[in-house]
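# Tertiary structure, described
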Amino acid sequence: MIGRLNHVAIAVPDLAAATAVYRDTLGGHVSEMVDQPDHGVTTVFVELPNTKIELLGAFGDASPIKGFLEKNPSGGIHHLCYEVDDILAARDRLQAAGARVIGDGNPKIGAHGKPVLFLHPKDFCGTLVELEQA
């Protein structure tokens, strides 16, 4: 059901500093910062030959990564994103198997302009999983 790894998301306390590390120290090709107000984050994508790294900074007081950064003040891996061919079929199959979809169960439009869902980390070996329709 899951396809290729779309990205690894890393929550960071200072998005500008993290962007500089990936661009200047590691020599990565990084995107501009883009506010994602519907998701409470600001994103920067680092393009790699086989996937992407998504750097996440908190956007607004209700940002869902604020709690994560309080527990992990230096930042850290926040989630993994896998591509699926049909996000609604994937959701239905996963829910039938007992997996919990975070939120109301309906996809939202993600940072790439495609439908996404998040799956509860307790159901996936302690890892927050994002599904993105390919």
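The structure this text deals with has already been given above.
So, here is what we can say about the structure in this document. (Residues numbered from 1 in each chain as written. Predicted model: local features only at pLDDT ≥ 70, side-chain atom pairs only at ≥ 80, totals over all residues. Heavy atoms only, no water.)

Counting its regular elements, the chain contains 3 helices and 9 strands. When the helices and strands of the chain are read in sequence order from the N terminus, they spell out β-α-β-β-β-β-α-β-α-β-β-β. Over its C-alpha atoms the chain spans a radius of gyration of 15 Å, differing by no more than 12% from the 14 Å that the globule rule assigns to 134 residues. In terms of overall dimensions, the chain has a C-alpha envelope of 45 × 30 × 25 Å along the principal axes. For the chain, buried positions account for 40% of its 134 residues. The contacts of the chain with a sequence gap of at least 6 include a subset with a gap of at least 24, amounting to 53%. Positive and negative charge centroids in the chain, built from 11 and 17 side chains respectively, lie 6 Å apart. (Helix = DSSP H or I, 4+ residues; strand = E, 2+ residues; numbered from the N terminus. Rg over C-alpha atoms; globule rule 2.2 N^0.38 Å. Buried < 20%, exposed > 50% of the residue type's maximum accessible area, 1.4 Å probe, protein only. Contact = heavy atoms within 4.5 Å. Lys, Arg positive; Asp, Glu negative; His and termini not counted. Charge placed at Lys NZ, Arg CZ, Asp CG, Glu CD.)

Space inside the largest pocket adds up to approximately 620 Å³. For the largest pocket, the lining is made up of 30 residues, of which His39, Pro64, His78, Phe118 and Leu128 are closest to its centre. When residues in the lining of the largest pocket are grouped by element, the largest group, 3 residues, is from strand β8 (residues 115–119). For the lining of the largest pocket, the class distribution of residues is 12 nonpolar, 12 polar and 6 charged. (1 Å grid on protein atoms, 1.4 Å probe; cavity = no way out; pocket = protein on both sides within 12 Å on 5 of 7 lines; lining within 4 Å. Points joined across faces, edges and corners; volume = space filled by probe spheres on them. Nonpolar A, V, L, I, M, F, W, Y, C, P; charged D, E, K, R; others polar.)

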